[in-house]
Amino acid sequence: MTASAPALPQPRPGVLDISAYVPGRDHVEGVEKVHKLSSNENPLGPSPQAIEAFRAAASSLEIYPDGGATVLREAIGQKYGIDPARIVCGTGSDELLSLLTHAYIGPGDEGLFTQHGFLVYRINILANGGTPVVAEETDLTASVDAILAKVTDRTRIVFLANPNNPTGTYLPFDEVKRLHAALPTNVLLVLDAAYAEYVRRNDYASGLELALTAPNVVMCRTFSKIYGLAALRIGWLVGPAHVVDALNRIRGPFNLNAPAIAAGAAAIRDDAHIAAALAHNDEWLARLTREIEALGLKVTPSVGNFILIHFPTTPGRTAKEADAFLGRRGLLLRAVAAYGLPNALRMTIGSAEANELVVAALKDFMSAGQGNA
Ligand SMILES: *Cc1c(COP(=O)(O)O)cnc(C)c1O
């Protein structure tokens, strides 16, 4: 041991630069009934068939799961017309983002993402000793030109959440294709399409087509949002065979558990449940945007299952005070200061009851009484 050896085990460079991810609140001190609108979960819950499959899996918990998550990859492949060999499943798309970063970014490498992009990208880049590089957005929307301006010969991955969380904005597929066409072929473009199922725009595409044809594009999806299975931690990605091969070498051999594999495969076949979740979202996304704007608050146009509400900086009317006011009524929204949005709150489209309560509470908050819960 040399004299300069540290007294304690030291995390690798970058690890202590990470601000740990703070999940959406799920309780408030002293408030009994809460409506959790802080994590973009599905207010309708999962498909009843997924719950049934989960219960059935409880009878064989002593058996290791299928390490290849075969029935799940086959069900996904069938739904989207993809060769299951091009699919990798993960414990949430969070794990896939982590595996991708681990496989492609090391010390000296750069990972690029946008100004108000999902925070998990930065965490993963730092965890692998890489350098996070941030591209400015325009009107809370990713800008292809700003991203391209930040590409260097050290760039290894460009992460694009499309639609983005927490802004709810998106890039049309033409723009995604323009981004891809201008990237060097050794840069991996990661399209994080966690909210793709909610988008109702003709000029949007999740990137499936690109991930199946380009040598340097992957698209990630999740069962945590419209499928209502956040607790089970299921995500998947599709990409070129060489990327799939790299990920299969480094992932845990049994990364998905058996109840998750079974429930996910059942959920993806229940088209009626997804249609119901989408119809609920369509109705309330439009209605909440309209009703909250009518209170004098700005709402960023969203294509996801959440909205970003902007508050004034006037004392008594700030986002921070609104968050506390709503919290006292058991209405838990998401503070997004960590995303560079200190004057906004993100609200998940909830049940009809929760949504109506938020509108009523915001009305009280914005009206003369200033801050009386
Ligand atoms: C919710 C979300 C995910 C999905 O996370 P899981 O790990 O699959 O639960 C991925 N990306 C973005 C942008 C998200 O908002």
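Everything numeric here is computed off the predicted structure, so don't read it as measured data.

### Remarks on the pairing of strand S12 (residues 306–310)
Remember that side chains alternate between the two faces of the sheet whenever the strand is regular.
So, point 1. Taken across its five residues, S12 has five buried, putting it largely inside the fold.
So, point 2. Side chains Phe306, Leu308 and His310 of S12 all project onto a buried face; the interleaved residues Ile307 and Ile309 project onto the opposite face, where all are buried too.
So, point 3. Strand direction decides the pairing type here: strand S11 (residues 298–300) and S12, joined by three bridges, are antiparallel. In the sheet register, lysine 298 faces S12, and the bridge partner there is histidine 310.

### Here we look at helix H10 (residues 271–293)
So, point 1. Its 23 residues give H10 an end-to-end C-alpha distance of 33 Å, which sits within 8% of 33 Å, the value for a rise of 1.5 Å per residue.
So, point 2. Those residues of H10 that fall on the buried side of the exposure criterion are His273, Ile274, Ala277, Leu278, His280, Asn281, Trp284, Leu285, Leu288, Thr289 and Ile292.
So, point 3. Those residues of H10 that are buried are in contact with helix H1 (48–57), S11, S12, strand S15 (344–348) and helix H12 (352–366).

### A short note on the pattern of salt bridges
Pairing of side chains with opposite charge becomes possible as their charged atoms draw close.
So, point 1. Counting across every chain of the model gives 16 salt bridges.
So, point 2. Across the salt bridge formed by aspartate 145 and arginine 178, the nearest N and O atoms sit 3.1 Å from each other. One end of the pair, aspartate 145, is in helix H5 (residues 144–149); the other, arginine 178, is in helix H6 (residues 173–182), and 33 residues separate them in sequence.
So, point 3. By relative accessible area, which is 33% here, arginine 178 ends up partly exposed.
So, point 4. The residue arginine 329 makes a salt bridge to aspartate 364 at a minimum N-O spacing of 2.9 Å. Here the residue arginine 329 occupies a position in the loop between helix H11 (319–328) and strand S13 (331–332), and aspartate 364 occupies one in helix H12, the gap between them amounting to 35 residues.

### Topic: the sheet that holds S15
So, point 1. Strand order in the open sheet formed by four strands is S11-S12-S15-S14, with antiparallel pairing between adjacent strands. Each edge of the sheet is formed by a strand with only one pairing partner; in this case those strands are S11 and strand S14 (334–335).
So, point 2. Judged from the five bridges that link them, S12 and S15 form a sheet pairing that is antiparallel. Bridged to isoleucine 307 within S15 is methionine 347.
So, point 3. Contacts from H10 reach S11, S12 and S15 within the one sheet, and its direction differs from that of S12 by about 10°.
So, point 4. The sheet contacts of H11 involve S14 and S15, and relative to S15 the element is tilted by about 40°.

### A closer look at the site of the ligand
So, point 1. Taken together, Gly92, Ser93, Asp94, Phe118, Asn165, Asp192, Ala194, Tyr195, Thr222, Ser224, Lys225 and Arg233 form the complete shell of residues around the ligand.
So, point 2. At 2.8 Å, a side-chain N or O of asparagine 165 approaches an oxygen atom of the ligand.
So, point 3. One nitrogen or oxygen atom from the side chain of tyrosine 195 is found 2.6 Å from an oxygen atom belonging to the ligand.
So, point 4. Notes on the ligand: free accessible area 390 Å², of which the protein chains cover 94%.
So, point 5. Among the elements that line the shell around the ligand, the one with the most residues is helix H3 (residues 92–104), at three residues.

### Side note on the side chain of arginine 317
So, point 1. Residue position: arginine 317 is located in the loop between S12 and H11.
So, point 2. Of the buried charged residues, arginine 317 lacks a salt bridge, with glutamate 321 as the closest side chain of opposite charge at 8.0 Å.
So, point 3. Within the structure, arginine 317 has its side chain in polar contact with the backbone oxygen of methionine 366 (distance 3.2 Å).

Parameters at a glance
- Residues numbered from 1 in each chain as written.
- Predicted model: local features only at pLDDT ≥ 70, side-chain atom pairs only at ≥ 80, totals over all residues.
- Heavy atoms only, no water.
- Buried < 20%, exposed > 50% of the residue type's maximum accessible area, 1.4 Å probe, protein only.
- Helix = DSSP H or I, 4+ residues; strand = E, 2+ residues; numbered from the N terminus.
- Pairing = 2+ DSSP bridges.
- Expected span 1.5 Å × (residues − 1).
- Contact = heavy atoms within 4.5 Å.
- Salt bridge = Lys/Arg side-chain N within 4 Å of Asp/Glu carboxyl O.
- Axes fitted to C-alpha atoms, helices over the stretch in contact; angles between N-to-C directions.
- Near = heavy atom within 4 Å.
- Polar contact = N/O pair within 3.5 Å; in protein donor to acceptor, adjacent residues only side chain to side chain.
- Areas by Shrake-Rupley, 256 points an atom, 1.4 Å probe, with all protein chains shown as cover.
- Lys, Arg positive; Asp, Glu negative; His and termini not counted.

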